[in-house]
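Geometric and topological summary
Spelled out, the chains give:
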Amino acid sequence: MTSDVALEKRNQLIKDGYCVVDDILTQDFLEELRRESDRMLDAVEHPPHWKYQGSDIHVRGIDESVIDRLIHWQPTRDTLEEMGLGDFKSSGGFIILSKPPGGPPLYWHQDWMGWNDPISTAPWPQYLFLSYYLIDTSLENGCFRIIPGTHLKRIPLHERLVQAHAQGGYYVEEDDPDMFYDHPDAIDLPVKAGSLVIAEGRVLHAARGNQSDQRRTLLLGWHNRPPMPPDYWIGDVPKVIKNRDPNAQYEATREPGEYLV
Ligand SMILES: O=C(O)CCC(=O)C(=O)O
Ligand SMILES: [Fe+2]
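Residues numbered from 1 in each chain as written. Chains lettered and ligands numbered in written order. Predicted model: local features only at pLDDT ≥ 70, side-chain atom pairs only at ≥ 80, totals over all residues. Heavy atoms only, no water.

**Concerning the environment of Asp-42**
Put simply, the rule is: Going along the chain from the N terminus, every DSSP run of H or I of four or more residues is numbered as a helix, and every run of E of two or more is numbered as a strand. Each residue's exposure class comes from its accessible area (1.4 Å probe, protein chains only) as a fraction of the maximum for that residue type: buried when under 20%, exposed when over 50%, partly exposed otherwise.
When you line up the elements, Asp-42 lands in helix α2 (residues 27-42). According to the relative accessible area criterion, Asp-42 is exposed, its value standing at 56%. Distance from Asp-42 to Gly-201, taken between C-alpha atoms, is 28 Å for residues 159 residues apart in sequence.

**A word on the nonpolar core**
Operational definition: The set of buried Ala, Val, Leu, Ile, Met, Phe, Trp, Tyr and Cys residues whose side-chain atoms join them within 4.5 Å is what this entry labels a nonpolar core. Contacts are assigned to residue pairs that have any heavy atoms within 4.5 Å of one another.
Counting residues in each nonpolar core, the largest one holds 59 residues, and the members touching the most others are Leu-25, Leu-33, Leu-70, Leu-85 and Ile-198. Excluding residues that lie within four positions of it along the chain, Leu-25 makes contacts with Leu-30, Leu-33, Leu-70, Trp-73, Tyr-132 and Gly-194. Grouped together as the second largest cluster of nonpolar side chains are 16 residues, Tyr-107, Trp-108, Ala-186 and Ala-206 included.

**Considerations on the coordination of the iron ion (ligand 2)**
Here is the rule: We call an atom a donor if it is N, O or S and sits within 2.8 Å of the metal, or 3.2 Å for Na, K and Ca. Water is not counted, so some sites may look partial.
Here the iron ion (ligand 2) is held by the protein donor atoms His-109 (NE2), Asp-111 (OD) and His-205 (NE2), which lie 2.1 Å from it. One chain supplies every donor for the iron ion (ligand 2), spaced along it as H-x1-D-x93-H. Taken together, the residues span a long stretch of sequence, with Asp-111 in the loop between β5 (106-109) and β6 (127-133) and His-205 in strand β10 (residues 205-207) at a distance of 94 residues. Neither Asp-111 nor His-205 differs from the other in exposure class; each is buried.

**Regarding the side chain of Arg-244**
Take Arg-244: it is sitting in the segment after α6 (239-242). For Arg-244, a relative accessible area of 17% translates into the label buried. Residues contacting Arg-244, with those up to four places away along its chain left out, are Asp-117, Pro-118, Ile-119, Pro-227 and Tyr-250.

**Quick look at the site of ligand 1**
Quick reminder of the rule: The nearness test applies per residue and asks whether one of its heavy atoms lies within 4 Å of the molecule or strand. The term polar contact refers here to a pair of N or O atoms within 3.5 Å; inside protein, the definition further demands a hydrogen-donor-capable atom paired with an acceptor-capable atom, and it admits residues adjacent in sequence only when both atoms are side-chain atoms. Surface exposure here means Shrake-Rupley accessible area, sampled with a 1.4 Å probe, where a residue is shielded only by the protein chains that are shown. The residue classification treats Ala, Val, Leu, Ile, Met, Phe, Trp, Tyr, Cys and Pro as nonpolar and Asp, Glu, Lys and Arg as charged. All others, Gly included, are polar.
Inspection of the region around ligand 1 gives Gln-53, Leu-97, Leu-106, His-109, Asp-111, Tyr-133, Phe-144, His-165, His-205, Ala-207, Arg-216 and Leu-218 as its neighbouring residues. In the model, an oxygen atom of ligand 1 is placed 2.8 Å from a nitrogen or oxygen of the Gln-53 side chain. In this structure, His-109 approaches ligand 1 through a side-chain N or O atom, which is 3.0 Å from an oxygen atom. Surface burial for ligand 1 is 96%, taken as the share of its 300 Å² of free accessible area covered by protein chains. Among the secondary structure elements, those contributing two or more residues to the shell around ligand 1 are β5, β10 and β11 (216-224). Split into classes, the residues belonging to the shell around ligand 1 amount to six nonpolar, four polar and two charged.

**Observations regarding the sheet that holds strand β8 (residues 187-189)**
The test is simple: The criterion for strand pairing is that DSSP finds at least two bridges linking the strands in question. Axes here refer to lines fitted to C-alpha atoms; in helices the fit is confined to the stretch in contact. Angles between the N-to-C directions go from 0 to 180 degrees.
Reading across the sheet, the four strands line up as β5-β10-β7-β8 and stay open at both edges, with antiparallel pairing between neighbours. With one partner strand each, in any of the chains shown, β5 and β8 form the two edges of the open sheet. Averaged over all pairs of adjacent strands, the angle between their axes in this sheet comes to 20 degrees, without regard to strand direction. Of the strand pairs in this sheet, strand β7 (residues 144-146) and β8 are connected by three bridges, and their pairing is antiparallel. Within β8, the residue paired with Arg-145 across the bridge is Asp-188.

Take a look at the structure:
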């Protein structure tokens, strides 16, 4: 990746809350990831609360060598480095999210659990998910959706959403008018198999339903960096971050509070 492209991608991630890097996996590794994720998906019962995510299988690198290789995949590490995001570290695993044929859409949500922490105001990325879709995605088979900029700015929809996943999302109705709202600013993000989607944990995102006859599998890994301005940052640093107590404990919450303006 040229330095111009790397900068452009980072700027898009900062402003919109996502960017896409094409062709990051080799065909061989992609096929291996498909085989291995199919094996793991087929080995477990799918409980009813997986309805909206399709599946939610957390796999650690120390337990599955294929996941360990994905965590350390050199083309991705090189890309992060080129983008100035080399200080992001993997949580140590990936989540297999596989929407079966006929699976419903995933509701609007964000995944940041640290909203009590002043670092939530960071105008730079702090908490990212790296997603590898293992087949081409489209409007028909459950592509990713996002409302750009919502990681930094509150919109009316924030007030109308139930918290995601175990915090409430599991139990919403399939026709919930807010959780599945057709927001005018939402964009669809169909991608090619083997592309990498880098996205903000704080941004509002969702996925379309799968109306195809093939499972739509995604491997999603959480990445974090130290709570301080990155080297590349030349903009303002919020006062609450300058004054942040590094030793304080912040009770986890997925509910955006005073730090989302
Ligand atoms: O299925 C997708 O495309 C996104 C999944 C997701 O955002 C989640 O499970 O939190
Ligand atoms: Fe999510």
